[in-house]
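Tertiary structure, described
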Number of protein chains: 2
Amino acid sequence: MTGSLVVIGLGPGSEGLCAPDATAALADATDLIGYGPYLDRVALAPGQTRHGSDNRVEIERARHALTLAEQGHRVAVVSSGDAGVFAMASAVFEAIEHGPASWRALDVSVIPGISAMFAAASRLGAPLGHDFCAISLSDNLKPWALVCHRLRLAAEAGFVISLYNARSRARPHQLAEALALLGETLPADTVVVFATAISRADERIEITTLAEANPENADMRTLVMIGSAQTRLIERPGARPWVYSPRSAPK
Amino acid sequence: MTGSLVVIGLGPGSEGLCAPDATAALADATDLIGYGPYLDRVALAPGQTRHGSDNRVEIERARHALTLAEQGHRVAVVSSGDAGVFAMASAVFEAIEHGPASWRALDVSVIPGISAMFAAASRLGAPLGHDFCAISLSDNLKPWALVCHRLRLAAEAGFVISLYNARSRARPHQLAEALALLGETLPADTVVVFATAISRADERIEITTLAEANPENADMRTLVMIGSAQTRLIERPGARPWVYSPRSAPK
């Protein structure tokens, strides 16, 4: 039996936003590997084995997946959103780079998905209609000073900024620091959005400003988006305003 | 009859990467509106009307779509990739902002899709595994000086940089300028990728470096990706090397 490893992003939550290629690869797998809550979103087919694991053990999980693939299993490594964005794809290639040479010959592939910031953007209007960036606020794997450096430059560049891993129980204070730092460059009325559990039953969207944003309203499932100077609201009757960034910038 | 307008991203090209929600919304529409080559990817159902248009008439196209929706049509505005990323969603909201008040009461929605940089990333490995940005290189709607400013700051920040609208017949020289400018900040051996027509029959991927990159190899369908200082190759037997950006940055 020839093994394989496919890294899959399930999209933000609803089945309607999961690519058919991802669904097909899940059905074809013998072994599903991932963070428990993500695996819970997949219904096991007869004969499939589920290998759930805790968060923050990505490299061990990647090595486990590669070992099973080498033994002949058809392994699917499951992430939320897009597997290539602050998720498992990078961990798998890190494991390959530092692992046995035989892992480089394995049949490995990645199937893209809809990442949290695009799911959030679609609910809001078109906040990512102009140049933008994505920054993980976690300092588990990079110095906090580097995060701050990037936030400053991103604000100066006029990017719309999507913050991944904005807040967790282990890192409750960084989002407030990040917002304060951005406030040194961006106006107080800059649009800020907290988008939580997008496309899921408990979806929650808060549209606020840099001056008013309350970091306590973010949790592990919140994507925080900071507008550029051009990002604006369109008020509408009986509904949340649209948020959009015009395609053009002032000449 | 109550009209509606849904803005849809078809994904990069293959049907397997188009979200089921997008497919369902297309099937439900009475009118499909978009740039001709994108509409060509959709099979018309009986009774559906196709309104193809040229490129670079986005606002006229958006107004047309809103007018039809107000008249009671169920309109789908079709983009490639994700409709919110340098595509039609922003044009639709721009038209709403500057249009009649009645347009704000219309049933408008956006369905997210898989944008070109994520499709390209999945074929390459995991180049977007760390902080990244997306910049449209077109100066049709913003000053070229602003593009250059953003490129400089993005390089200084250490973002992986995805360039959309990198080259067209009307703008053949800007990509060379952009690469030269990035070369002032980034090392000559920085990984550069030209990813063309990803997930389509004529898909083409070129992995090169900042010093060696030939802008002539890009066309209208090419996503150009510039690695960070951490982005690297993993050589493998009998296949293109993997490209990935580690999750961690040096402390």
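Let me sum up the structure you'll find in this document. Everything quoted here is computed from the prediction, not taken from an experiment.

1. Digging into the sheet that holds strand S4 (residues 74-79) of chain A
Residue and element names in this part refer to chain A. Read across the open sheet, the five strands follow the order S3-S2-S4-S1-S5; overall the sheet is parallel. The open sheet has two edge strands, strand S3 (49-53) and strand S5 (108-111), and neither has a second partner. Going from strand to strand, the sheet's axes swing by 20° on average, the running direction of each strand aside. Looking at chain direction, strand S2 (residues 31-35) and S4 are connected through four bridges and run parallel. Bridged to Asp 31 within S4 is Val 75. Across the face of the sheet, helix H1 (residues 20-28) comes into contact with strand S1 (4-9), S2, S4 and S5 while running at roughly 140° to S1. Along the sheet face, helix H3 (residues 58-70) touches S1, S2, S3, S4 and S5 and points at about 175° away from the line of S2.

2. What to know about the interface of chain A and chain B
Taken together, the 74 residues of chain A in the interface contact 74 residues of chain B. Across the chain A to chain B interface the summed buried area is about 6200 Å²; carbon plus sulfur atoms make up 61%. Counting across the interface, chain A meets chain B through 10 salt bridges. The interface formed by chain A and chain B holds 32 residue pairs in polar contact (both at pLDDT 80 or more) in total.

3. Brief notes about the sheet that holds strand S7 (residues 132-136) of chain A
Judged by pairing direction, the sheet is mixed, and its 10 strands sit side by side in the order S10(A)-S9(A)-S11(A)-S8(A)-S7(A)-S7(B)-S8(B)-S11(B)-S9(B)-S10(B) without closing on themselves. At either end of the open sheet lies a strand with only one pairing partner, and these are strand S10 (204-209) of chain A together with strand S10 (204-209) of chain B. Across this sheet, the average inter-strand angle for adjacent strands is 15°, counted without regard to direction. By the bridge criterion, three bridges tie S7 of chain A to strand S7 (residues 132-136) of chain B in an arrangement that is antiparallel.

About the cut-offs
- Residues numbered from 1 in each chain as written.
- Chains lettered and ligands numbered in written order.
- Predicted model: local features only at pLDDT ≥ 70, side-chain atom pairs only at ≥ 80, totals over all residues.
- Heavy atoms only, no water.
- Pairing = 2+ DSSP bridges.
- Helix = DSSP H or I, 4+ residues; strand = E, 2+ residues; numbered from the N terminus.
- Axes fitted to C-alpha atoms, helices over the stretch in contact; angles between N-to-C directions.
- Contact = heavy atoms within 4.5 Å.
- Buried area = accessible area lost by both parts, 1.4 Å probe.
- Salt bridge = Lys/Arg side-chain N within 4 Å of Asp/Glu carboxyl O.
- Polar contact = N/O pair within 3.5 Å; in protein donor to acceptor, adjacent residues only side chain to side chain.

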